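Now for the letters of each chain:
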Amino acid sequence: MTDRYAVFGNPLSHSKSPLIHMTFARDTGADIDYGRVEAPLDGFAASVEAFRAAGGRGINITAPFKLDAYALATRRMPRAECAGATNCLKFENNEIIAENFDGIGLVRDIERNLRMPLAGKRVLLLGAGGAARGALLPILEALPSILTIVNRTRAKADAMQCQFARFGAIHVANGDEVGPRSFDVVLNATSASLRGELPAFAAESIAPGALAYELAYGKGLTPFLTFTRSAGAGPLADGVGMLVEQAAEAFAWWRGTRPRTRSLIDDLTIPLE
(Lines give C-alpha, C1' and ligand atoms only; values in the text may rest on other atoms or scores of the structure.)
Protein backbone atom coordinates (compact mmCIF):
# COMPACT_ATOMS: atom_id res chain seq x y z
CA MET A 1 0.00 0.00 0.00
CA THR A 2 1.24 3.48 -0.86
CA ASP A 3 2.01 5.57 2.24
CA ARG A 4 0.79 9.16 2.22
CA TYR A 5 2.75 12.21 3.32
CA ALA A 6 2.36 15.94 2.65
CA VAL A 7 3.62 19.42 3.39
CA PHE A 8 1.22 21.77 5.18
CA GLY A 9 1.47 25.55 4.88
CA ASN A 10 -0.20 28.66 3.53
CA PRO A 11 0.68 29.68 0.85
CA LEU A 12 2.33 26.63 -0.71
CA SER A 13 2.64 27.22 -4.44
CA HIS A 14 6.40 27.79 -4.03
CA SER A 15 7.07 24.62 -2.03
CA LYS A 16 9.69 22.23 -3.38
CA SER A 17 8.92 19.59 -0.75
CA PRO A 18 6.92 17.29 -3.07
CA LEU A 19 9.73 17.29 -5.62
CA ILE A 20 12.33 16.62 -2.93
CA HIS A 21 10.48 13.79 -1.20
CA MET A 22 9.39 12.07 -4.40
CA THR A 23 13.03 12.19 -5.55
CA PHE A 24 14.02 10.57 -2.25
CA ALA A 25 11.32 7.94 -2.75
CA ARG A 26 12.56 7.14 -6.25
CA ASP A 27 16.16 6.90 -5.10
CA THR A 28 15.37 4.64 -2.12
CA GLY A 29 12.58 2.56 -3.68
CA ALA A 30 9.94 3.81 -1.22
CA ASP A 31 6.28 3.52 -2.21
CA ILE A 32 4.89 6.88 -1.12
CA ASP A 33 2.65 9.67 -2.28
CA TYR A 34 3.64 13.17 -1.20
CA GLY A 35 1.38 16.17 -1.75
CA ARG A 36 0.62 19.72 -0.71
CA VAL A 37 -2.11 20.75 1.73
CA GLU A 38 -2.72 24.49 1.85
CA ALA A 39 -4.62 24.56 5.13
CA PRO A 40 -6.88 27.50 6.04
CA LEU A 41 -5.17 29.90 8.41
CA ASP A 42 -7.75 29.07 11.09
CA GLY A 43 -8.07 25.39 10.19
CA PHE A 44 -4.69 23.72 10.57
CA ALA A 45 -5.67 21.19 13.24
CA ALA A 46 -8.83 20.12 11.39
CA SER A 47 -6.87 19.71 8.14
CA VAL A 48 -4.24 17.58 9.85
CA GLU A 49 -6.87 15.38 11.50
CA ALA A 50 -8.59 14.87 8.14
CA PHE A 51 -5.29 13.89 6.51
CA ARG A 52 -4.46 11.56 9.37
CA ALA A 53 -7.93 9.95 9.30
CA ALA A 54 -7.50 9.29 5.57
CA GLY A 55 -4.36 7.26 6.27
CA GLY A 56 -1.66 9.92 6.29
CA ARG A 57 1.59 8.76 7.91
CA GLY A 58 3.37 12.08 8.45
CA ILE A 59 3.65 15.70 7.40
CA ASN A 60 6.14 18.51 7.03
CA ILE A 61 5.09 21.93 8.25
CA THR A 62 6.08 25.33 6.93
CA ALA A 63 4.92 28.88 7.66
CA PRO A 64 2.70 29.85 9.35
CA PHE A 65 1.86 26.58 11.12
CA LYS A 66 5.00 25.51 13.03
CA LEU A 67 3.59 26.69 16.37
CA ASP A 68 0.19 25.13 15.60
CA ALA A 69 1.88 21.82 14.86
CA TYR A 70 3.79 22.00 18.13
CA ALA A 71 0.54 22.59 20.02
CA LEU A 72 -1.21 19.71 18.23
CA ALA A 73 1.44 17.11 19.10
CA THR A 74 0.81 14.53 21.80
CA ARG A 75 4.56 13.87 22.17
CA ARG A 76 7.49 16.15 21.38
CA MET A 77 11.06 15.11 20.66
CA PRO A 78 13.82 17.08 22.45
CA ARG A 79 14.70 19.37 19.53
CA ALA A 80 11.06 20.34 19.02
CA GLU A 81 10.64 20.86 22.76
CA CYS A 82 13.63 23.19 22.89
CA ALA A 83 12.57 25.15 19.81
CA GLY A 84 8.95 25.46 20.90
CA ALA A 85 8.01 24.73 17.27
CA THR A 86 8.00 21.80 14.88
CA ASN A 87 8.50 21.32 11.17
CA CYS A 88 7.66 17.61 11.09
CA LEU A 89 4.98 15.31 12.52
CA LYS A 90 4.77 11.53 12.51
CA PHE A 91 1.53 9.66 13.16
CA GLU A 92 2.28 6.44 15.00
CA ASN A 93 0.36 4.24 17.46
CA ASN A 94 -2.38 6.87 17.92
CA GLU A 95 0.27 9.48 18.75
CA ILE A 96 1.16 12.72 16.98
CA ILE A 97 4.93 12.99 17.44
CA ALA A 98 6.68 16.31 16.81
CA GLU A 99 10.25 16.90 15.63
CA ASN A 100 12.23 19.89 14.41
CA PHE A 101 14.86 19.23 11.75
CA ASP A 102 15.47 22.83 10.63
CA GLY A 103 18.57 23.35 12.75
CA ILE A 104 20.15 19.98 12.09
CA GLY A 105 19.56 20.51 8.37
CA LEU A 106 21.28 23.90 8.56
CA VAL A 107 24.30 22.59 10.44
CA ARG A 108 24.64 19.57 8.17
CA ASP A 109 24.60 21.79 5.09
CA ILE A 110 27.22 24.12 6.54
CA GLU A 111 29.54 21.44 7.87
CA ARG A 112 29.23 18.70 5.23
CA ASN A 113 28.22 20.39 2.01
CA LEU A 114 29.94 23.76 2.48
CA ARG A 115 32.82 22.20 4.44
CA MET A 116 32.80 24.76 7.22
CA PRO A 117 33.04 23.00 10.61
CA LEU A 118 31.46 25.23 13.26
CA ALA A 119 33.67 23.99 16.10
CA GLY A 120 35.78 26.92 17.29
CA LYS A 121 34.16 29.35 14.87
CA ARG A 122 32.71 32.75 15.78
CA VAL A 123 29.05 32.65 14.75
CA LEU A 124 26.65 35.58 14.41
CA LEU A 125 22.96 34.67 14.27
CA LEU A 126 20.62 37.40 13.04
CA GLY A 127 17.06 36.95 14.28
CA ALA A 128 15.24 35.50 17.28
CA GLY A 129 12.08 34.14 15.66
CA GLY A 130 11.04 30.59 14.86
CA ALA A 131 13.83 29.93 12.36
CA ALA A 132 16.49 31.06 14.83
CA ARG A 133 14.97 29.05 17.68
CA GLY A 134 14.99 25.91 15.57
CA ALA A 135 18.64 26.43 14.65
CA LEU A 136 20.02 27.36 18.05
CA LEU A 137 20.46 23.97 19.74
CA PRO A 138 22.19 22.24 16.79
CA ILE A 139 24.50 25.26 16.42
CA LEU A 140 25.45 25.11 20.10
CA GLU A 141 25.99 21.35 19.83
CA ALA A 142 28.52 22.06 17.06
CA LEU A 143 30.66 23.90 19.68
CA PRO A 144 31.36 27.35 18.19
CA SER A 145 33.78 29.49 20.17
CA ILE A 146 31.27 32.38 20.22
CA LEU A 147 27.58 32.51 19.38
CA THR A 148 26.08 35.99 19.31
CA ILE A 149 22.43 36.80 18.61
CA VAL A 150 21.31 40.11 17.15
CA ASN A 151 17.61 40.83 16.84
CA ARG A 152 15.60 43.94 16.09
CA THR A 153 13.71 43.43 19.37
CA ARG A 154 16.41 42.96 22.00
CA ALA A 155 14.01 41.46 24.56
CA LYS A 156 13.28 38.46 22.31
CA ALA A 157 16.98 37.71 21.96
CA ASP A 158 17.47 38.06 25.72
CA ALA A 159 14.63 35.62 26.34
CA MET A 160 16.13 33.11 23.93
CA GLN A 161 19.51 33.47 25.61
CA CYS A 162 17.96 32.61 28.98
CA GLN A 163 16.06 29.64 27.61
CA PHE A 164 19.07 28.05 25.89
CA ALA A 165 21.77 29.03 28.42
CA ARG A 166 22.02 25.47 29.76
CA PHE A 167 23.17 24.25 26.34
CA GLY A 168 26.05 26.70 25.92
CA ALA A 169 27.22 30.29 26.15
CA ILE A 170 25.20 32.79 24.12
CA HIS A 171 25.88 36.50 23.78
CA VAL A 172 23.24 39.05 22.85
CA ALA A 173 24.07 42.37 21.22
CA ASN A 174 22.54 45.20 19.26
CA GLY A 175 23.42 45.41 15.59
CA ASP A 176 25.82 48.32 16.09
CA GLU A 177 27.66 46.56 18.95
CA VAL A 178 29.10 43.60 17.07
CA GLY A 179 31.55 45.37 14.78
CA PRO A 180 34.88 44.50 16.34
CA ARG A 181 34.13 40.81 16.78
CA SER A 182 34.79 39.78 13.16
CA PHE A 183 32.59 36.68 12.83
CA ASP A 184 33.54 33.64 10.76
CA VAL A 185 29.93 32.65 10.05
CA VAL A 186 26.99 35.05 9.69
CA LEU A 187 23.51 33.51 9.51
CA ASN A 188 20.45 35.50 8.48
CA ALA A 189 17.42 33.90 10.17
CA THR A 190 15.30 37.06 9.95
CA SER A 191 12.45 37.63 7.51
CA ALA A 192 14.04 40.85 6.24
CA SER A 193 15.08 39.37 2.90
CA LEU A 194 11.50 38.30 2.17
CA ARG A 195 10.64 42.00 2.29
CA GLY A 196 13.70 43.08 0.32
CA GLU A 197 15.26 44.63 3.44
CA LEU A 198 18.61 44.35 5.19
CA PRO A 199 18.80 43.31 8.86
CA ALA A 200 20.72 45.82 10.96
CA PHE A 201 24.30 44.85 11.77
CA ALA A 202 27.73 46.30 11.18
CA ALA A 203 29.85 45.45 8.16
CA GLU A 204 32.88 45.30 10.47
CA SER A 205 31.39 42.19 12.09
CA ILE A 206 32.25 40.13 9.01
CA ALA A 207 35.69 38.53 8.94
CA PRO A 208 37.42 38.35 5.54
CA GLY A 209 36.28 35.18 3.80
CA ALA A 210 33.44 34.56 6.26
CA LEU A 211 30.56 32.31 5.31
CA ALA A 212 27.38 34.37 4.81
CA TYR A 213 24.30 32.13 4.89
CA GLU A 214 20.78 33.24 4.00
CA LEU A 215 18.24 30.81 5.46
CA ALA A 216 15.65 31.82 2.84
CA TYR A 217 16.14 30.03 -0.46
CA GLY A 218 15.61 30.79 -4.11
CA LYS A 219 15.77 34.58 -3.66
CA GLY A 220 19.09 35.12 -5.44
CA LEU A 221 21.39 37.85 -4.14
CA THR A 222 19.29 39.19 -1.28
CA PRO A 223 20.15 42.49 0.42
CA PHE A 224 21.87 40.45 3.15
CA LEU A 225 24.05 38.51 0.71
CA THR A 226 24.85 41.61 -1.33
CA PHE A 227 25.86 43.52 1.81
CA THR A 228 28.00 40.72 3.23
CA ARG A 229 29.75 40.18 -0.11
CA SER A 230 30.64 43.85 -0.31
CA ALA A 231 32.01 43.60 3.24
CA GLY A 232 34.38 40.78 2.29
CA ALA A 233 32.36 37.62 2.91
CA GLY A 234 32.79 34.57 0.76
CA PRO A 235 31.47 31.96 0.23
CA LEU A 236 27.81 32.94 0.07
CA ALA A 237 24.95 30.46 0.42
CA ASP A 238 21.20 30.42 0.60
CA GLY A 239 18.96 27.90 2.35
CA VAL A 240 18.44 25.35 -0.42
CA GLY A 241 20.93 22.96 1.17
CA MET A 242 19.24 23.38 4.53
CA LEU A 243 15.88 22.66 2.88
CA VAL A 244 17.07 19.41 1.33
CA GLU A 245 19.00 18.25 4.38
CA GLN A 246 16.11 18.80 6.80
CA ALA A 247 13.85 16.97 4.35
CA ALA A 248 16.27 14.04 4.30
CA GLU A 249 16.18 13.92 8.11
CA ALA A 250 12.37 13.84 8.03
CA PHE A 251 12.35 11.13 5.36
CA ALA A 252 14.76 9.02 7.42
CA TRP A 253 12.63 9.52 10.55
CA TRP A 254 9.53 8.35 8.69
CA ARG A 255 11.04 5.62 6.53
CA GLY A 256 14.17 4.39 8.33
CA THR A 257 16.45 5.14 5.35
CA ARG A 258 18.36 8.38 4.84
CA PRO A 259 18.53 9.36 1.16
CA ARG A 260 21.52 10.96 -0.52
CA THR A 261 21.27 14.72 -0.90
CA ARG A 262 24.26 16.10 -2.81
CA SER A 263 22.99 15.75 -6.38
CA LEU A 264 19.54 17.09 -5.50
CA ILE A 265 21.06 20.16 -3.80
CA ASP A 266 23.13 20.77 -6.93
CA ASP A 267 20.03 20.48 -9.13
CA LEU A 268 18.03 22.95 -7.02
CA THR A 269 20.78 25.49 -6.42
CA ILE A 270 20.40 28.79 -8.26
CA PRO A 271 23.77 30.54 -8.81
CA LEU A 272 24.10 33.65 -6.63
CA GLU A 273 25.04 36.27 -9.20
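Quick note: structure is the one above.
Definitions and cut-offs
- Residues numbered from 1 in each chain as written.
- Predicted model: local features only at pLDDT ≥ 70, side-chain atom pairs only at ≥ 80, totals over all residues.
- Heavy atoms only, no water.
- Helix = DSSP H or I, 4+ residues; strand = E, 2+ residues; numbered from the N terminus.
- Rg over C-alpha atoms; globule rule 2.2 N^0.38 Å.
- Buried < 20%, exposed > 50% of the residue type's maximum accessible area, 1.4 Å probe, protein only.
- Contact = heavy atoms within 4.5 Å.
- Areas by Shrake-Rupley, 256 points an atom, 1.4 Å probe, with all protein chains shown as cover.
- Lys, Arg positive; Asp, Glu negative; His and termini not counted.
- Charge placed at Lys NZ, Arg CZ, Asp CG, Glu CD.
- Pairing = 2+ DSSP bridges.
- Core = buried A, V, L, I, M, F, W, Y, C linked by side-chain atoms within 4.5 Å.
- Axes fitted to C-alpha atoms, helices over the stretch in contact; angles between N-to-C directions.
- Parallel < 35°, antiparallel > 145°, perpendicular 65-115°, else oblique.
- Left-handed = near helix turned anticlockwise from the far one by under 90°.
- Nonpolar A, V, L, I, M, F, W, Y, C, P; charged D, E, K, R; others polar.
- Right-handed = clockwise from strand over helix to strand, strands pointing away.

**Q** Tell me about the overall build of the protein, and please be specific about residues and values.
**A** Each helix and strand counted, the protein has ten helices and twelve strands in total. Scaling as 2.2 N^0.38, a compact globule of 273 residues should have a C-alpha radius of gyration of about 19 Å, and the protein matches this with 18 Å. When the backbone C-alpha atoms are referred to their principal axes, the protein occupies close to 60 × 35 × 30 Å. Looking at the 273 residues of the protein, the share that counts as buried comes to 51%. In the protein, the share of contacts with a sequence separation of at least 24, taken over all contacts with a separation of at least 6, comes to 68%. Looking at the protein as shown, the accessible area adds up to about 12,000 Å², and 51% of this sits on carbon and sulfur atoms. Between the centroid of the 29 positive side chains of the protein and the centroid of its 29 negative side chains there is a distance of 2 Å.

**Q** Kindly report on the pairing of strand E10 (residues 183–188), identifying the contributing residues and their values.
**A** Counting buried positions along E10 gives six out of six residues, so the element sits mostly inside the fold. Here strand E7 (residues 122–126) pairs with E10 via four bridges, running parallel. Paired with Leu124 across the bridge in E10 is Val186. With five bridges connecting them, E10 and strand E11 (residues 206–214) associate as parallel partners. Bridge pairing in E11 places Asn188 opposite Glu214.

**Q** Which residues make up the side chain of Ser17, and what values go with them?
**A** Here Ser17 shows up in helix H1 (residues 17–28). Beyond its immediate sequence surroundings of up to four residues, Ser17 is in contact with Val7 and Tyr34.

**Q** Describe the nonpolar core, and please don't skip the residues or the numbers.
**A** Among the nonpolar cores identified, the biggest contains 31 residues, and Leu106, Leu136 and Leu187 are the most heavily contacted of them. Ranked by residue count, the leading element in this core is helix H6 (residues 130–141), at six residues. Ignoring anything within four residues of it in the chain, the contact list for Leu136 reads Leu125, Leu147, Ile149, Met160, Phe164 and Ile170. Of all hydrophobic cores here, the second largest spans 24 residues; its members include Tyr5, Val240, Ala247 and Trp254.

**Q** Quick rundown of the packing of helix H5 (residues 102–113) against H6? Include the residues and the values.
**A** Their axes nearest at 7 Å, the elements H5 and H6 cross at an angle of 50 degrees. On the basis of their axis angle, the class for H5 and H6 is oblique. The two elements H5 and H6 cross, and the hand of that crossing is right-handed. Contacts between H5 and H6 pair Gly103, Ile104, Leu106 and Val107 from the former with Gly134, Ala135, Pro138 and Ile139 from the latter. Tallied by class, the residues present in the contact of H5 with H6 amount to six nonpolar, two polar and no charged.

**Q** Account for the sheet that holds strand E2 (residues 32–38), naming residues and giving values.
**A** Spatial strand order, E2-E1-E3-E5-E6-E4: six strands in an open sheet with mixed pairing. Only two strands of the sheet have a single partner each, and these edge strands are E2 and strand E4 (75–76). Here strand E1 (residues 3–9) runs beside strand E3 (residues 56–61); their pairing, made up of five bridges, is parallel. Each residue of the ladder has a partner; that of Tyr5, found in E3, is Gly58. Against the sheet, helix H2 (residues 44–53) touches E1, E3, strand E5 (88–92) and strand E6 (95–99), its axis set at about 150 degrees to E3. In this fold helix H9 (residues 240–255) packs onto E1, E2, E3, E5 and E6, with an angle of close to 5 degrees to the strand it touches most, E5.

**Q** Let's hear about the pairing of E11: which residues, and what values?
**A** By the criterion of burial, E11 is predominantly enclosed, with seven of the nine residues buried. Of the pairings in the sheet, the one linking E11 to strand E12 (residues 236–237) comprises two bridges and is parallel in character. Across the sheet, residue Ala212 finds its bridge partner in E12, namely Leu236. Taken together, E11, helix H8 (residues 223–230) and E12 form a β-α-β motif whose crossover is right-handed.

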